[in-house]
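Geometric and topological summary
The residues making up each chain are set out below.
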Amino acid sequence: MAKAKSKAQQQAAGAALAAKRGEQDKSDLQGASKQMYDSMSESELEDMASTDREDLPDTVDGD
């Protein structure tokens, strides 16, 4: 189960997941969320997007 390492990564996964589900246009995705959409399955995105944000840093080097 892949967990997000930062709030930015968790948010990008949520955007990619919304696009995978047809709730958002794929063309609206940018940067990390676009890469995640192309490279991750819906279940992988669900795991990452569901990470508890409370203890995550805003960003991590490499995000």
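The structure under discussion appears in the preceding block.
Residues numbered from 1 in each chain as written. Predicted model: local features only at pLDDT ≥ 70, side-chain atom pairs only at ≥ 80, totals over all residues. Heavy atoms only, no water.

The subject of this paragraph is the pattern of salt bridges. Summed over the entire model, instances satisfying the criterion amount to four salt bridges. For Arg21, the salt bridge identified is with Glu42, shortest N-O distance 3.3 Å. Of the two residues, Arg21 is situated in the loop between helix H1 (7-20) and helix H2 (31-39) and Glu42 in helix H3 (residues 42-49); the sequence distance between them amounts to 21 residues. With relative accessibility at 35%, the residue Glu42 sits in the partly exposed group. The salt bridge partner of Asp38 is Lys26, with a shortest N-O separation of 3.7 Å. Within this pair, whereas Asp38 is found in helix H2, its partner Lys26 is found in the loop between H1 and H2, the two being separated by 12 residues in sequence. Of the residues examined, Lys26 reaches a relative accessible area of 40% and is grouped as partly exposed. Shared partners join several salt bridges into a network, and the residues in it are Arg21, Glu42 and Glu46. (Salt bridge = Lys/Arg side-chain N within 4 Å of Asp/Glu carboxyl O. Helix = DSSP H or I, 4+ residues; strand = E, 2+ residues; numbered from the N terminus. Buried < 20%, exposed > 50% of the residue type's maximum accessible area, 1.4 Å probe, protein only.)

The next point concerns H1. The end-to-end C-alpha separation of H1 is 20 Å, in line with the 20 Å expected for 14 residues at 1.5 Å each. Every buried residue of H1 is accounted for by Gln9, Gln10, Ala12, Ala13, Ala16, Leu17, Ala18 and Ala19. Of the residues trailing H1, Gly22 is marked for its positive phi of about 80°. (Expected span 1.5 Å × (residues − 1).)

For the rest of this paragraph, the subject is H2. Of all the residues in H2, the buried ones are Ser33, Met36 and Tyr37. Projected down its long axis, H2 carries its buried residues within an arc of 100°, all on one side. Opposite the buried face of H2, at more than 90 degrees from it, the exposed residues are Gln35, Asp38 and Ser39. The elements touched by buried residues of H2 are H1 and H3. (Arc of directions from axis to C-beta. Contact = heavy atoms within 4.5 Å.)

In this structure, Ala13, Ala16, Met36, Tyr37, Met40, Leu45 and Met48 are the most contacted members of the largest nonpolar core, which totals 14 residues. Listing elements by their share of this core, those giving two or more residues are H1, H2 and H3. The residues touching Ala13, leaving out its near neighbours within four places in the chain, are Met36, Leu45, Met48 and Ala49. (Core = buried A, V, L, I, M, F, W, Y, C linked by side-chain atoms within 4.5 Å.)

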